[in-house]
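# Examination of the molecular architecture
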Amino acid sequence: ANQAYNEMLAFVSHELKNPIASMITDARVLAGGYLGELAPRQVQKLERLIQKGNYLLDLVREYLDLARMEGGKLRLAATECMLVEEVLEPALELVHPQLTERAMRVERHYPKHTEAIRCDPALLKIVAVNLLGNAVKYGREGGLIRLHYVQDPKLVRVAVWNEGPGFPPEERGRLFRKFSRLQSPELARIKGTGVGLYTSWRIVLLHGGRVDARSRPGEWAEFSFELP
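Below: a short report on this structure. Because the structure is predicted, anything quoted here is derived from the model rather than measured. (Residues numbered from 1 in each chain as written. Predicted model: local features only at pLDDT ≥ 70, side-chain atom pairs only at ≥ 80, totals over all residues. Heavy atoms only, no water.)

Tallied over the entire structure, the rule returns four aromatic pairs. With a centroid separation of 6.3 Å and an interplanar angle of 70°, the aromatic rings of Phe-176 and Phe-223 are classed as edge-to-face. Here Phe-176 is found in the loop between β5 (156-163) and α5 (185-188), whereas its partner Phe-223 is found in strand β7 (residues 220-227), with 47 residues between them in sequence. Among the residues examined, Phe-223 registers a relative accessible area of 12% and is labelled buried. Aromatic rings pair up to connect Phe-167, Phe-176 and Phe-223 into one cluster. It is Arg-146 that lies over the ring of Trp-161; its NZ or CZ is 4.3 Å from the centre. (Phe/Tyr/Trp six-rings, centres within 6.5 Å; stacked < 30°, edge-to-face > 60°. Helix = DSSP H or I, 4+ residues; strand = E, 2+ residues; numbered from the N terminus. Buried < 20%, exposed > 50% of the residue type's maximum accessible area, 1.4 Å probe, protein only. Lys NZ or Arg CZ within 6 Å of the ring centre and 35° of its normal.)

Once that is clear, we can look at the side chain of Asp-120. Here Asp-120 lies in the loop between β3 (117-119) and α4 (121-138). At a separation of 2.8 Å, a polar atom in the side chain of Asp-120 contacts the main-chain amide nitrogen of Ala-77. When sequence neighbours within four positions are dropped, the list of residues in contact with Asp-120 reads Arg-75, Leu-76, Ala-77, Ala-78 and His-207. (Polar contact = N/O pair within 3.5 Å; in protein donor to acceptor, adjacent residues only side chain to side chain. Contact = heavy atoms within 4.5 Å.)

Moving on, we get to helix α6 (residues 196-206). Of the residues making up α6, those classed as buried are Gly-196, Leu-197, Tyr-198, Thr-199, Ser-200, Ile-203 and Val-204. Remark: Gly-208 follows α6 within two positions and exhibits a positive phi of approximately 80°.

By secondary structure assignment, the location of Glu-222 is in strand β7. Between the C-alpha atom of Glu-222 and that of Val-43, which follows or precedes it by 179 residues, the distance is 36 Å. Among all residues touching Glu-222, those that are not within four sequence positions of it are Arg-157, Ala-159, Val-160, Trp-161, Asp-212, Ala-213 and Arg-214. There is a polar contact of 3.2 Å between the side chain of Glu-222 and the side chain of Arg-157.

Interhelical geometry of helix α3 (residues 83-101) versus α4 gives an angle of 35° and a closest axis separation of 9 Å. Between α3 and α4 lies a crossing whose hand is right-handed. The segment α3 lies against α4, with Leu-83, Glu-86, Val-87, Leu-88, Pro-90, Ala-91, Leu-92, Leu-94, Val-95, Gln-98 and Leu-99 engaging Pro-121, Leu-124, Lys-125, Ala-128, Val-129, Leu-132, Gly-133 and Val-136. Counted by class, the contact of α3 with α4 contains 15 nonpolar, two polar and two charged residues. (Axes fitted to C-alpha atoms, helices over the stretch in contact; angles between N-to-C directions. Left-handed = near helix turned anticlockwise from the far one by under 90°. Nonpolar A, V, L, I, M, F, W, Y, C, P; charged D, E, K, R; others polar.)

In structure tokens, the structure reads:
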């Protein structure tokens with residue numbers, strides 16, 4: 001039954017991905033006026049359609065990642081990697097449209113000199129996108145996000161901090177569970193699947209690392225991971 005569930009999850013997610021991406025592209029072509037000038041109200045409606053399409057595409061990506069893990073197909077392809085250039089900056093580029101939409105600022109805190117570490121950059125990019133995406137989604141509109149990267153001889157640490165409601169201490173244990181959603185009213189109203197943090201936890205665990213979350217309710221939240 002579990003195998004059938006995983007196969008169905010992967011099949012449906014994969015089949016949805018390309019049509020949704022194509023619909024978003026078509027809507028962008030129309031909104032950009034490439035097929036004729038549109039009235040402002042029509043453009044506004046198309047932009048809302050694009051936002052909803054991007055939300056669906058994010059869901060599809062999350063479920064595809066989940067299907068890979070649940071099906072035992074998640075394998076570590078470790079290489080020598082510069083984490084800032086190959087993981088963190090590309091992840092920031094991917095969430096840039098959401099950052100712009102919510103008028104949020106990002107502060108980067110990187111060391112002057114970094115060395116390559118052995119990891120799977122494609123998988124760690126999933127983690128970085130999830131943490132940054134959550135910071136944008138749950139952070140305060142117009143607020144600040146801080147991306148910290150620390151490297152010493154024994155470990156590397158990446159932390160994403162955001163201004164916003166944070167989370168209550170009693171709900172901290174639910175954060176990295178599959179399909180788990182926080183119950184506080186301010187967070188529960190925001191759409192989500194409860195898959196992204198679980199996926200991130202699994203990937204970090206595969207690297208022999210650990211994840212953590214801290215918060216001051218009503219002020220800020222920080223999610224981080226460490227790798228040996």
